[in-house]
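The primary structure of each chain is shown beneath.
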Amino acid sequence: MTSARNIAILCFEGIQILDVTGPAAVFGAANDAADCAFYTVQILSAEGGLVRSNSAIELATQPMHSVAPESIDTLLIAGGSDEGMARFVANTMIKEWVLQTSAHCRRLGSICTGAFALGQFGLIDGRRVATHWSSCSELAARYPFVEVDPNAVYIEDGKVWTSAGVTTGIDMCLELVAA
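Here the focus is the environment of Phe27. For Phe27, the position within the fold is in helix α1 (residues 17-34). Considering only alpha carbons, one finds Phe27 and Val41, 14 residues apart in sequence, at a separation of 7.2 Å. Those residues in contact with Phe27 that sit more than four places away from it in its chain are Ile7, Tyr39, Val41, Leu76, Cys173, Leu176 and Val177.

Our next topic: the pairing of strand β2 (residues 39-45). Burial analysis of β2 places 5 of its 7 residues in the buried class, which makes it a mostly covered element. Inspection of the sheet shows strand β1 (residues 5-10) paired to β2 by 6 bridges, in the parallel sense. Along β2, the bridge assignment pairs Ala8 with Gln42. Relative to strand β4 (residues 58-63), β2 runs parallel, the two being bridged by 2 bridges. By the bridge assignment, Leu44 is partnered in β4 with Gln62.

With that settled, consider the pairing of strand β3 (residues 49-52). The sheet contact formed by β3 and β4 spans 4 bridges and is antiparallel. Within β4, the residue paired with Leu50 across the bridge is Ala60.

Now for the packing of α1 against helix α6 (residues 166-178). Contact geometry of α1 with α6 gives a least axis separation of 9 Å together with a crossing angle of 30 degrees. Relative to α6, the element α1 lies roughly parallel. Crossing handedness for the pair α1 and α6: right-handed. On α6, the residues that touch Leu18, Asp19, Gly22, Pro23, Val26, Phe27 and Ala30 of α1 are Val166, Gly169, Ile170, Cys173, Leu174, Leu176 and Val177.

The rules behind these values
Residues numbered from 1 in each chain as written. Predicted model: local features only at pLDDT ≥ 70, side-chain atom pairs only at ≥ 80, totals over all residues. Heavy atoms only, no water. Helix = DSSP H or I, 4+ residues; strand = E, 2+ residues; numbered from the N terminus. Contact = heavy atoms within 4.5 Å. Buried < 20%, exposed > 50% of the residue type's maximum accessible area, 1.4 Å probe, protein only. Pairing = 2+ DSSP bridges. Axes fitted to C-alpha atoms, helices over the stretch in contact; angles between N-to-C directions. Parallel < 35°, antiparallel > 145°, perpendicular 65-115°, else oblique. Left-handed = near helix turned anticlockwise from the far one by under 90°.

Below is the structure:
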């Protein structure tokens, strides 16, 4: 068997915890169903360490720079609080790492409002995307070169995958496994 596909889920202070744990559980369940480690899931943040979610639960993360961008098969960016997302996208170190990783990975995407990071980093220009229904108008206004579909559960547009929300992120990851 070939080596496990590396799934990286990038998060930040104020993330929606289910945007991380739901997708991670899908890839873990795929490993269980296959009875082998087909996927390796890594929960990453800019600096590593504990990251506090918007529900006060903390996740242990690895520093993103501890993972070589070219080793990542699928990069997913979680959504979360507006304040946390604003700090996340303003960090040039994060932007550079995401852009480098996106140039190498087979698939990249977002769960819920993680689409704002993809927009800020210029990774969804000219693409059709999904995000949480309450954020569709704002995403479309901020990124006029992006087609935001307010009715989509999740969207695959080339190598970019985006989902509308927490549970649709799980649906999207089930489809990533199926693909």
